[in-house]
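Chains, contacts and geometry: an overview
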Amino acid sequence: MEKKTTLWRNNRFISWFFGGFILIVVAMNGYFLDTNDFPIPAWVALGTLGYLLFFARHEIYLDHEKNELVRRLRCFYLIKEQRIPVEAIESIELSQDKLQPRKKGAVNLIFANGKQFNLSGTSPLYKASKIARQLGELTGKPVKSFN
Amino acid sequence: MPERQDNSSDTSRGFTPPPPFYNTAIFARLILPPVIGLSILALLIRYIIGA
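Residues numbered from 1 in each chain as written. Chains lettered and ligands numbered in written order. Predicted model: local features only at pLDDT ≥ 70, side-chain atom pairs only at ≥ 80, totals over all residues. Heavy atoms only, no water.

The name an unreviewed UniProt entry assigns to chain A is DUF2244 domain-containing protein, from the organism Oceanospirillum sediminis.

Now the structure itself:
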């Protein structure tokens, strides 16, 4: 049995391709920094963008060994990790985004005291519903949808 | 079913949902290292090699 099931993670192709492209441009500018007129603040901003695109890893997965739902963000080093025990989740809610109800949705976890926790921000509806459905199947918790 | 309800009530009553994922400290930890690092690097290159 697999130790973890990834529910969502950022697109690796976009990370490698676009982040790599920007980092190459930044590196070439850095190499010729003494001879060109490219402003340093712009070079730093572009480098930061490339760094974030290339190295940021954001994922939400279900840890089967510890029976926890994990959301973690790392960028070279671990920046933040949130662990939510599956037993604490009462139900899963797929709600519409208020601004773009036809295009985007949010996955919320509902706890026993009625408190709501937004799991992944808002994402395209097909992705959000896939996360909610998969999470419901894996944990056995009821999924409440808006329709 | 009753067993599952017992289990869930034990854990869920003692569990408080975490605060929202993103906050200022996280953005600082994400953005400040490359900004500081690249700024120092750029200044060093300009200083050592010279324009």
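A word on the packing of aromatic side chains. All names here are of chain A. As enumerated under the stated definition, the model contains 10 aromatic pairs over all chains in all. With a centroid separation of 5.4 Å and 15° between ring planes, the pair formed by F13 and F17 is classed as stacked. Note that F13 and F17 are positioned in helix α1 (residues 12–31) at a spacing of 4 residues, about one turn of the helix. For F13, a relative accessible area of 55% corresponds to the exposed category. Geometrically, the ring pair formed by Y51 and F76 is edge-to-face, given 6.0 Å between the ring centres and 70° between the ring planes. Of this pair, Y51 sits in helix α2 (residues 40–55) while F76 sits in the loop between β3 (68–75) and β4 (77–85), placing them 25 residues apart in sequence. (Phe/Tyr/Trp six-rings, centres within 6.5 Å; stacked < 30°, edge-to-face > 60°. Helix = DSSP H or I, 4+ residues; strand = E, 2+ residues; numbered from the N terminus. Buried < 20%, exposed > 50% of the residue type's maximum accessible area, 1.4 Å probe, protein only.)

This part covers the environment of K127 of chain A. Among the secondary structure elements, K127 of chain A is positioned in helix α3 (residues 125–139). Along the primary structure K127 of chain A and K104 of chain A are separated by 23 residues, whereas in three dimensions their C-alpha atoms are 8.9 Å apart.

So, on to α1 of chain A. Residues and elements named next belong to chain A. Between its first and last C-alpha, α1 extends 27 Å over 20 residues, near the 28 Å set by a 1.5 Å rise per residue. Turning to α1, its buried residues number three or more, namely S15, G19, G20, I22, V26, N29 and G30. Capping the start of α1 is the job of one residue whose side-chain oxygen sits 3.0 Å from the backbone nitrogen of F13: N11. (Expected span 1.5 Å × (residues − 1). Polar contact = N/O pair within 3.5 Å; in protein donor to acceptor, adjacent residues only side chain to side chain.)

Further remarks concern unusual backbone geometry. Residues and elements named next belong to chain A. For N67, which is not glycine, the phi dihedral falls at a positive 55°. Position of N67 relative to the elements: it lies in the loop between β2 (56–63) and β3. For N67, a relative accessible area of 34% translates into the label partly exposed. The backbone of F76 shows a phi angle near 75°, a positive value even though the residue is not glycine. On the accessibility criterion, F76 (58% relative accessible area) is exposed.

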